[in-house]
Amino acid sequence: MKCILVTGGAGYIGSHTAVELTNAGYDVVIADNLYNSEISAVEGVRKITGKEVAFEQVDCLDKNAMEKLFKKYQFSAVIHFAALKAVGESVEKPLDYYRNNLESLINVLSLMKENRVPNFVFSSSATVYGQPEELPATETTPRQKATSPYGNTKQICEDIIEDTVNATNGTMSALALRYFNPIGAHPSALIGELPKGIPNNLMPYITQTAAGIRKCLSIFGNDYDTPDGTAIRDYIDVTDLAKAHVAAMVRLIDKQNKTPYEVFNIGTGRPFSVLELVEIFEKTTGVKVNYRITGRRTGDIEKIWADTSLANRELGWKAEKSIEETLLSAWMWEKHLRGL
Ligand code: NAD
Ligand code: UDP
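About the criteria used
Residues numbered from 1 in each chain as written. Chains lettered and ligands numbered in written order. Predicted model: local features only at pLDDT ≥ 70, side-chain atom pairs only at ≥ 80, totals over all residues. Heavy atoms only, no water. Pairing = 2+ DSSP bridges. Helix = DSSP H or I, 4+ residues; strand = E, 2+ residues; numbered from the N terminus. Axes fitted to C-alpha atoms, helices over the stretch in contact; angles between N-to-C directions. Disulfide = S-S within 2.5 Å. Buried < 20%, exposed > 50% of the residue type's maximum accessible area, 1.4 Å probe, protein only. Near = heavy atom within 4 Å. Polar contact = N/O pair within 3.5 Å; in protein donor to acceptor, adjacent residues only side chain to side chain. Areas by Shrake-Rupley, 256 points an atom, 1.4 Å probe, with all protein chains shown as cover. Nonpolar A, V, L, I, M, F, W, Y, C, P; charged D, E, K, R; others polar. Parallel < 35°, antiparallel > 145°, perpendicular 65-115°, else oblique. Left-handed = near helix turned anticlockwise from the far one by under 90°. Contact = heavy atoms within 4.5 Å. Phe/Tyr/Trp six-rings, centres within 6.5 Å; stacked < 30°, edge-to-face > 60°. Salt bridge = Lys/Arg side-chain N within 4 Å of Asp/Glu carboxyl O.

### Considering the sheet that holds strand E7 (residues 181-183)
Point 1. Strand order in the open sheet formed by three strands is E7-E9-E11, and the pairing between neighbours is mixed. Edge strands, defined here as strands with exactly one partner in the open sheet, are E7 and strand E11 (271-273). Across the sheet, the mean angle from the axis of one strand to that of its neighbour is 55°, orientation sign disregarded.
Point 2. Two elements, E7 and strand E9 (residues 232-237), share three bridges in a ladder whose sense is parallel. Directly across from isoleucine 183, in E9, lies its bridge partner aspartate 237.

Structure representation (structure tokens):
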């Protein structure tokens, strides 16, 4: 059985991916410092899969602890989710973001090299595209100067990975998956997004407003050049996203990759505005979301969605969930969290 190290595996996307990898027959070792997650997510993964998925509380910055981890297990691959991800916070604390996101990556890649672990999957982001001139964004759409230190860490990490695998004479391969906007929760409602404090992202803000925890959702701007004036994104179900990692793993382990470093857009190709998302949420759940229109949020882009044809063709993967199914799963998760 192939053993996969999942750094940041107690987090939102990592925990869903741990489920799908385990269900696909991989042995998973979750390594997380629990900075932005809780052990309950690991328990959720174990409950859903019925397997004693391994958990190691480790900080990827702790080189000694990471060395021990790589000696304890024989990994066939690493999926590196561990990162700080709050855009606004990254503007206030850039050094924390550069240190955590870059150093953790460098530690992991160095240990992979030392221990001859050949396969790597990285959590990148659509943020690397900024506001593309042409839509939908394809993998060859030029990256633009990042608007936040967080976004910059994703660009620099992509470059570090590309340079590293290109220097290994084919002994290491990597896929960078550029996620669009992950939302929703596992259909069991046993794992989902666990934002600390006031959510920055739209989906948890919607569900918390629907649950009465927040009084009112602020919709940031209705004067964009879009049909209803609100900004447009490509919202992808977190379970669909998790399955893309299984497809990525199969590609690497079966050596189907065409070059040592490959990049894939992981989205749905389906654009929705903020207002549309709120309206579909209300219609699907039957719950009203109190909202008001406020000014634009600094740094926000107007519209982006993915061209996913490369991932569809090369990974044999496609997002499958309907937006209604996804929004309902987000609401079931919020209700589970609040005991509603
Ligand atoms: P998350 O915060 O829920 O998960 C990240 C996990 O990494 C957390 O459990 C955290 O405790 C852990 N972690 C952070 N630094 C660590 C370190 N030094 N050592 C060990 N563990 C550490 O975030 P998520 O939404 O699941 O995101 C996962 C990855 O996907 C991140 O790299 C993020 O940048 C990327 N991404 C997320 C989104 C999104 O909207 N959620 C979009 C694009 C890309
Ligand atoms: N958004 C909003 N109100 C919120 C949070 C987000 O109107 O409380 C909007 C935001 O301006 C963007 C979209 O929802 O147009 C998605 O925002 P999110 O922060 O979830 O993702 P990202 O900005 O990274 O695409």
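### Some details on the state of the cysteines
Point 1. This model, assessed by the stated rule, comprises zero disulfides.
Point 2. Free cysteine: cysteine 60, not disulfide-bonded; nearest cysteine sulfur from cysteine 157 at 12 Å.
Point 3. For cysteine 60, a relative accessible area of 4% translates into the label buried.
Point 4. Judged by its relative accessible area of 2%, cysteine 157 is buried.

### Overview of the site of ligand 1
Point 1. In the region of ligand 1, 26 residues are neighbours, and Ile13, Asp32, Asn36, Ser37 and Tyr150 sit closest.
Point 2. Here an oxygen atom of ligand 1 sits 2.6 Å away from a polar atom, N or O, in the side chain of aspartate 32.
Point 3. Here lysine 85 contributes a side-chain N or O atom positioned 2.8 Å from an oxygen atom of ligand 1.
Point 4. For ligand 1, whose unbound accessible area comes to 820 Å², protein coverage reaches 95%.
Point 5. Every element with two or more residues in the shell around ligand 1 is listed here: helix H1 (12-23), strand E5 (119-125) and helix H6 (149-166).
Point 6. Tallying contributions element by element places E5 first for the shell around ligand 1, with three residues.
Point 7. Residues belonging to the shell around ligand 1 are distributed by class as follows: 13 nonpolar, nine polar and four charged.

### Here's the deal with unusual backbone geometry
Point 1. Following leucine 135, the chain continues into proline 136 via a peptide bond in cis, with omega recorded as -5°.
Point 2. Within the secondary structure, proline 136 is located in the loop between E5 and H6.
Point 3. Here arginine 116, not a glycine, exhibits a phi torsion of approximately 55°, which is positive.
Point 4. By the secondary structure assignment, arginine 116 is in the loop between helix H5 (94-114) and E5.

### Describing the site of ligand 2
Point 1. The local shell around ligand 2 holds 15 residues, among which Leu202, Ser218, Arg233, Arg297 and Asp300 are the closest.
Point 2. Between leucine 202 and ligand 2, the recorded distance is 2.9 Å, taken from a backbone N or O atom to an oxygen atom.
Point 3. Alone, ligand 2 offers 510 Å² of accessible surface; in the complex the protein occludes 87% of this.
Point 4. Mapped onto the shell around ligand 2, the elements with two or more residues apiece are helix H7 (202-210), strand E8 (217-220) and E9.
Point 5. In terms of residue count, the dominant contributor to the shell around ligand 2 is E8 (four residues).
Point 6. Across the shell around ligand 2, the residue classes tally to eight nonpolar, four polar and three charged.

### What to know about the pairing of strand E4 (residues 77-80)
Point 1. Alternating residues of E4 divide into Ala77 and Ile79 and Val78 and His80, and every residue in both groups is buried.
Point 2. Relative to E5, E4 runs parallel, the two sharing four bridges. Within the sheet, the bridge partner assigned to alanine 77 lies in E5 and is asparagine 119.

### As for the packing of H7 against helix H11 (residues 323-338)
Point 1. Where H7 contacts H11, the two axes come as close as 10 Å, and the packing angle between them is 55°. If you check the angle between H7 and H11, you find them oblique. For the crossing formed where H7 meets H11, the hand is right-handed. Between H7, through Met203, Pro204, Thr207, Gln208 and Ala210, and H11, the contact on the second element is made entirely by Leu327, Ala330, Trp331, Glu334 and Arg338.
Point 2. The class makeup of the residues in the contact of H7 with H11 is six nonpolar, two polar and two charged.

### Comments concerning the packing of aromatic side chains
Point 1. Under the counting rule described, the total for this entry stands at four aromatic pairs.
Point 2. Seen from their ring centres, phenylalanine 281 and tryptophan 331 are 5.9 Å apart, and the 80° between their planes marks the pair as edge-to-face. With a gap of 50 residues between them, phenylalanine 281 in helix H9 (residues 274-285) and tryptophan 331 in helix H11 connect regions that are remote in the sequence. In this pair, the class of phenylalanine 281 matches that of tryptophan 331, namely buried.
Point 3. Grouping aromatic residues by their ring pairs yields a cluster made of Phe70, Tyr73 and Phe75.

### Focus on the pattern of salt bridges
Point 1. This model, assessed by the stated rule, comprises 17 salt bridges.
Point 2. Ionic pairing is found between arginine 46 and glutamate 52, a salt bridge with its closest N-O pair at 3.3 Å.
Point 3. Since its relative accessible area comes to 24%, arginine 46 is described here as partly exposed.
Point 4. Notably, a salt bridge pairs aspartate 223 with arginine 296, separated by 2.9 Å at the nearest N-O pair. Here aspartate 223, found in the loop between E8 and E9, pairs with arginine 296, found in the loop between strand E12 (291-294) and helix H10 (309-315); they are 73 residues apart in sequence, far enough to count as distant.
Point 5. Residue classification places aspartate 223 among the exposed residues on the basis of a relative accessible area of 52%.
Point 6. Through salt bridges with shared partners, a single network forms among Arg251, Lys258, Glu262, Arg313 and Glu314.

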